[in-house]
Amino acid sequence: MKTTTIKTFFNNLGITTNVLNEDKGVLELPYVGGMMVAVSDSSKSQVEATARFRYVSSKNQTMVASAVDLTQPGGSTVVPGVDTRVPVFSVFAGRFEDAYATNGHRITGNRLLVLMQEMDQLTSGKQKPKTPYLSWLCKALGINRPRSLEDLQNIIIEAAEHPEAASIPAIQQLLVGRGTRHAVLTVNPKVEYRDTEPTVNESDWMFIDLERLVIGGITDTQASVIRKTATAFEKATEGQAVPTLPRVQKATREMAIEMLVA
């Protein structure tokens, strides 16, 4: 079953899971910010579902973590600085212009954070706003500067259809929308050691963009917890070959489930 290894991984960490649709690989983490998790058979099918996940997370104002079966290529990554292999997720939180709460999850990629800041500069009415990254992106795409985040999202979606788009990392990352291609599971940095190890409640768990985690500095507690997730990952895939790659509301929830499994 699609959800077997992911469900086992979360359960090994004491995280409650509710399987919403076993055949389609959809489950939820009710006490981890209400995150929904959709499991794909392969990295290829995960990428192909990008537009659908972005649409579902925007329309239903709910986050979706996309994962690959942990025994498949693309299902895991190594966390720099901790040097352990853990599951990796793409997390969707709608389109650029969406602003609903992410419930503590830090899943907006650095590229988009910079673009959001520069769009604020551009629309603030200030004379000669400094927008170096936005200017570079527009020049690379051969377009005029957009007037809103909604326009920028539409431009990225259109640009992604170009044959050469796959070779431009910025487009592939931004195509996710308000989210990230590469997130890992850890805990809020405010969680502290008590006695000999961190005391972690389910509500302390969070998904975080991997780049933001590394650049921002991994706390001792987070490093300890990441090692635990690595152990949970190993147990979930025990006896199976793991390919190595280079480094809501009830009605709303049900609508999202239906869209995810369609």
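Residues numbered from 1 in each chain as written. Predicted model: local features only at pLDDT ≥ 70, side-chain atom pairs only at ≥ 80, totals over all residues. Heavy atoms only, no water.

Draft legend 1. Local environment of the side chain of T84. Looking at the secondary structure, you find T84 in strand β6 (residues 84-87). T84 sits in the buried class, given a relative accessible area of 16%. When residues no more than four places from it in sequence are discounted, the contact partners of T84 are T77, V78, V79, I226, R227 and A230. (Helix = DSSP H or I, 4+ residues; strand = E, 2+ residues; numbered from the N terminus. Buried < 20%, exposed > 50% of the residue type's maximum accessible area, 1.4 Å probe, protein only. Contact = heavy atoms within 4.5 Å.)

Draft legend 2. Local environment of the nonpolar core. Judged by nonpolar contacts, the single largest core of 30 residues is most densely connected at I6, F9, F10, L29, V37, F89 and F207. The element contributing the most residues to this core is helix α9 (residues 220-236), with four residues. When neighbours within four sequence positions are excluded, V37 is seen to be in contact with I6, F10, G25, V26, L27, L29, A65 and A67. Core analysis: the next-biggest nonpolar cluster, separate from the first, contains 13 residues, F96, L134, L137 and L175 among them. (Core = buried A, V, L, I, M, F, W, Y, C linked by side-chain atoms within 4.5 Å.)

Draft legend 3. Region of interest: the pattern of salt bridges. Under the criterion given, the structure shown has two salt bridges. The residue E48 makes a salt bridge to K44 at a minimum N-O spacing of 2.5 Å. Placement of both E48 and K44 in helix α2 (residues 43-48) is noted, with a separation of four residues, approximately one turn of the helix. Since its relative accessible area comes to 56%, E48 is described here as exposed. (Salt bridge = Lys/Arg side-chain N within 4 Å of Asp/Glu carboxyl O.)

Draft legend 4. Local environment of the sheet that holds strand β1 (residues 18-21). Strand order in the open sheet formed by seven strands is β1-β2-β3-β4-β7-β8-β11, with mixed pairing between adjacent strands. Edge strands, defined here as strands with exactly one partner in the open sheet, are β1 and β11 (205-209). Neighbouring strand axes in the sheet, compared pairwise and without regard to direction, differ in orientation by 35 degrees on average. Examined bridge by bridge, strand β3 (residues 35-40) and strand β4 (residues 64-68) share five bridges and lie parallel to one another. Paired with V39 across the bridge in β4 is A67. (Pairing = 2+ DSSP bridges. Axes fitted to C-alpha atoms, helices over the stretch in contact; angles between N-to-C directions.)

Draft legend 5. Up close: empty space enclosed by the protein. Empty space within the largest cavity amounts to approximately 30 Å³. F9, V79, V86, P87, V184, L185, I226 and T229 are the residues that line the largest cavity. Taken together, the residues of the lining of the largest cavity sort by class into seven nonpolar, one polar and no charged. (1 Å grid on protein atoms, 1.4 Å probe; cavity = no way out; pocket = protein on both sides within 12 Å on 5 of 7 lines; lining within 4 Å. Points joined across faces, edges and corners; volume = space filled by probe spheres on them. Nonpolar A, V, L, I, M, F, W, Y, C, P; charged D, E, K, R; others polar.)

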